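Here is what each chain is made of, one letter per residue.
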Amino acid sequence: MSLLVVGLSHRSAPVSVLERASLPADAQVKLLQDTVAAEPATEAAVLATCNRIELYADVDKFHAGVAELSTLLAQHSGVGLEELTPYLYVHYEDRAVHHLFSVACGLDSMVVGEGQILGQIKDSLARAQELHSAGRLLNDLFQQALRVGKRAHSETGIDRAGQSLVTFGLEQLARGGDVQEWARGKKALVIGAGSMSSLAAATLARAGVAEIVVANRTFDRAERLAQILSEGDDTDVLARAVPMESVPVELTRADVAVSCTGATGLVLTAEAVAQAVEGRTPAPPAGGDGPTPGGAARTAGPGAQRGGAPATALGGEDGCPLELSAVQGTAGFSVLGEAAVAGMAAADLEQHAAWVDNGTAGGAQRGTARPGATGTLDPAADTDAIAALAATVASVGRIPERRRPEPAEEPQRPEPVLFLLDLAMPRDIDAAAHRLAGVRLVDIESLAQASADAPMAADVDQVRRIVSDEVAAFGAALRAAHITPTVVALRTMAADVVASEIARLDGRLPGLDDKHRAEITQTVRRVVDKLLHAPTVRVKQLAAEPGGAGYADALRTLFDLDPETVAAVSRAEDSTTQRDRGPA
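Residues numbered from 1 in each chain as written. Predicted model: local features only at pLDDT ≥ 70, side-chain atom pairs only at ≥ 80, totals over all residues. Heavy atoms only, no water.

Asker: So what's going on with the nonpolar core? Which residues, and what values?
Answerer: Of all hydrophobic cores here, the largest spans 68 residues; its most connected members are Leu165, Trp182, Ile212, Leu229 and Leu423. Looking at this core element by element, the count peaks at 6 residues for helix H11 (residues 195-207). Those residues in contact with Leu423, other than ones at most four positions away along the chain, are Cys50, Leu165, Val166, Met196, Val258, Ser259, Cys260, Ile444 and Leu447. In this structure, Leu100, Leu138, Phe142 and Val460 belong to the second largest nonpolar core, which totals 36 residues. (Core = buried A, V, L, I, M, F, W, Y, C linked by side-chain atoms within 4.5 Å. Buried < 20%, exposed > 50% of the residue type's maximum accessible area, 1.4 Å probe, protein only. Helix = DSSP H or I, 4+ residues; strand = E, 2+ residues; numbered from the N terminus. Contact = heavy atoms within 4.5 Å.)

Next up, the structure:
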């Protein structure tokens, strides 16, 4: 086995990279075609979901295979190889099998234990079979992965550990509360009619929303989904279909919107969302920023007021434009007192520097000790310090705060009136929408952050043991199958020897009757079979163990088997397997 997988997922790459590297259906087809046309690969399959892009191949050279598959992923994803490479992972042989089995069980999913990945693996296999890019290895691998995934869900409680991405997303919209209580009576807009959107619509219907509007670029598919929802036995939701052009209008009526399309651009811009919630949220309270807790005034930037007085008349000293007395116990204006000017712009600092430069030593401005200070101001030191601080604010935009700033009062956001769930990759909904008042947006990126803290069920350990056992069994079966053509070729050669010797016997004993001839033939065959039985059984057992691939070569060498005969047997088996095997 020379199975190689090169890919990236939510575990290895930020969502921004996954979003750009996503592969539409036509790009996946072209990637498969180009992979099997490349020199190192003989088989290929692509597993592309909103959380991962993986290219599986049977290769004859490891390093050349990694280089070729990485290059092809970069070419077809549109992300440069140099940028993509740090996020790629590589698995080979048994580790590649372990990875796919873990993926099939939901162990590698954003939401651990979710079962949607099984359908996506099935679709990947069907696509590879349709394009004839999956041979014996990948057919066996993907079909076994499906069986392992089903076993994990049927024999363990992994379903309790995880849930579908849709359900998890709705829980995040409900802030961890009861989804049914949150959804009851709401009006929902579902954009898209694919598998994920259909699941979202069905989940919302079961949760108790009052109405579901389905919008899709192909109106017939939207109508079909709406009809299925309306005729469902377990819900009484009102469902209808609308064309995509009606989305802006329907958004103004919706309480919750779920989007998962294959669009390459934004389906909902921040402006469209803002228009949809306009007039539905209360106006922000008047008054602006007030004093922070404890009575300390907030620094708001150039020209802003501190403590209710203009910036030009703030000092505890005559004419000082800054409130140096805010830093008690510090002699003079120095970097130790930089908290007093944290956030001030360069212009304000330069104004103070000019005040220092233009003052007279020992006078009312520059030589007078500040209230609470233990010494007098040093004009030269102040000028240098302020110049350094001004240079800092010019380059980084603010004066660094060395001590912990006092907590600022966050303006209270109104309760959401529109809940948005974006399950698409690349994203359908502008990320800027989350800053809009009255809007709560949950997307793939926020789901990834939330799932990182999700508790893992104890059943996950049991699933891991299942995966390990299945990987060992698959590897053993594959290695044993690898020697089968050699064993078949050996037995074929032995049968030819028997036939040749019986023919020679007929020439030497032409008067031999049929009864005695049949008895002699049967005896010779039994002798050959008994001689070959133990070695062939034992060599299959040895070949199934790790490192047992060399036994086939040893058998071919010992019995001087023709390599082309072995290859012909292998091709015949592959042809029969392909003919008998249908889509999973």
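There is more to say after this.
Asker: Could you give an account of the pattern of salt bridges, with specific residues and numbers?
Answerer: For the structure shown, the criterion picks out 18 salt bridges. Across the pair Arg151 and Glu155 runs a salt bridge, and its minimum N-O distance is 3.0 Å. Of this pair, Arg151 and Glu155 are both found in helix H7 (residues 136-155), 4 residues apart, which corresponds to roughly one turn of the helix. Relative accessible area serves as the criterion here: at 45%, Glu155 is assigned to the partly exposed category. The network of salt bridges with shared partners includes Arg11, Arg52, Glu54 and Asp108. (Salt bridge = Lys/Arg side-chain N within 4 Å of Asp/Glu carboxyl O.)

Asker: Explain the side chain of Ser22 to me, and be specific about the residues and the numbers.
Answerer: Among the structural elements, Ser22 can be located in the loop between helix H1 (15-21) and helix H2 (25-37). Looking at Ser22, its side chain comes within polar contact range of the main-chain oxygen of Glu19, at 3.1 Å. Apart from residues no more than four positions distant in its own chain, Ser22 is found in contact with Ile53, Met425 and Pro426. (Polar contact = N/O pair within 3.5 Å; in protein donor to acceptor, adjacent residues only side chain to side chain.)

Asker: Describe empty space enclosed by the protein, with residues and values.
Answerer: Scanning the model with the defined rule gives 5 cavities of 30 Å³ or more in all. Taken as a whole, the largest cavity spans an internal volume of roughly 120 Å³. Taken together, 13 residues make up the lining of the largest cavity; nearest its centre are Cys50, Asn51, Glu114, Gln120 and Leu165. Broken down by element, the lining of the largest cavity gets its largest block of residues, 3 residues, from helix H6 (residues 116-130). Within the lining of the largest cavity, the residues separate by chemical class into 6 nonpolar, 5 polar and 2 charged. (1 Å grid on protein atoms, 1.4 Å probe; cavity = no way out; pocket = protein on both sides within 12 Å on 5 of 7 lines; lining within 4 Å. Points joined across faces, edges and corners; volume = space filled by probe spheres on them. Nonpolar A, V, L, I, M, F, W, Y, C, P; charged D, E, K, R; others polar.)

Asker: An account of the sheet that holds strand E5 (residues 187-191) is needed here, citing residue identities and associated values.
Answerer: By definition, the strands of a sheet pair up through backbone hydrogen bonds, in either a parallel or an antiparallel sense. Strand order in the open sheet formed by 6 strands is E7-E6-E5-E8-E9-E10, and the pairing between neighbours is parallel. Edge strands, defined here as strands with exactly one partner in the open sheet, are strand E7 (238-243) and strand E10 (439-442). Taking the axes of each pair of neighbouring strands and ignoring which way they run, one obtains an average angle of 15° across the sheet. Note: E5 against strand E6 (residues 211-216), 5 bridges, orientation parallel. Bridge assignment links Leu189 to a residue of E6, and that residue is Val213. (Pairing = 2+ DSSP bridges. Axes fitted to C-alpha atoms, helices over the stretch in contact; angles between N-to-C directions.)

Asker: Tell me what's going on with the packing of helix H5 (residues 94-104) against H6, and back it up with residues and numbers.
Answerer: Running from amino to carboxyl end, H5 crosses H6 at an angle of 125°, the nearest separation of the two axes being 8 Å. As the angle between them shows, H5 and H6 are arranged oblique. Contacts from Leu100, Val103 and Ala104 of H5 reach H6 at Ile117, Leu118 and Ile121. Classifying every residue of the contact of H5 with H6 by side-chain character gives 6 nonpolar, no polar and no charged. (Parallel < 35°, antiparallel > 145°, perpendicular 65-115°, else oblique.)

Asker: Which residues make up helix H3 (residues 62-77), and what values go with them?
Answerer: Side chains of residues three or four places apart in an α-helix project in the same direction, reflecting 3.6 residues per turn. For H3, spanning 16 residues, the distance from its first C-alpha to its last is 22 Å, which sits close to the expected 22 Å at 1.5 Å a residue. Buried within H3 we find Gly65, Val66, Leu69, Ser70, Leu72, Leu73, Ala74, His76 and Ser77. Count one or two residues on from H3 and you reach Gly78, which has phi positive near 85°. (Expected span 1.5 Å × (residues − 1).)

Asker: So what's going on with unusual backbone geometry? Residues and values would help.
Answerer: Cis geometry marks the peptide bond from Met425 to Pro426; its omega dihedral reads 5°. Considering the arrangement of structural elements, one finds Pro426 in the loop between strand E9 (418-422) and E10. With a phi close to 50°, Glu93 is a non-glycine residue in the positive phi region. Tracing the chain through its elements places Glu93 in the loop between strand E4 (89-92) and H5. Positive phi outside glycine occurs at His132, with the angle close to 60°. Residue placement: His132 occurs in the loop between H6 and H7. Classification of His132 by relative accessible area gives exposed; the value is 70%.

Asker: Go over the layout of surface pockets, please, and point to the residues and values.
Answerer: Roughly 1,100 Å³ of volume is contained in the largest pocket. As for the largest pocket, its lining consists of 33 residues, and the residues nearest its centre are Ala48, Ser195, Cys260, Thr261 and Gly262. Mapped by element, the contributors of at least two residues to the lining of the largest pocket are H2, H6 and H11. Sort the elements by how many residues they give to the lining of the largest pocket and H6 lands first, with 6 residues. Here the lining of the largest pocket is composed, by residue class, of 14 nonpolar, 15 polar and 4 charged.

Asker: Which residues make up the packing of aromatic side chains, and what values do they have?
Answerer: Within this structure, the stated rule accounts for 4 aromatic pairs. Plain terms: the ring middles of Trp182 and Phe419 are 5.2 Å apart, the flat faces sit at 90° to each other, and that makes the pair edge-to-face. Residue Trp182 is found in helix H10 (residues 179-183), and its partner Phe419 is found in strand E9; the two are separated by 237 residues along the sequence. There is no split in this pair, since Trp182 and Phe419 are both buried. (Phe/Tyr/Trp six-rings, centres within 6.5 Å; stacked < 30°, edge-to-face > 60°.)

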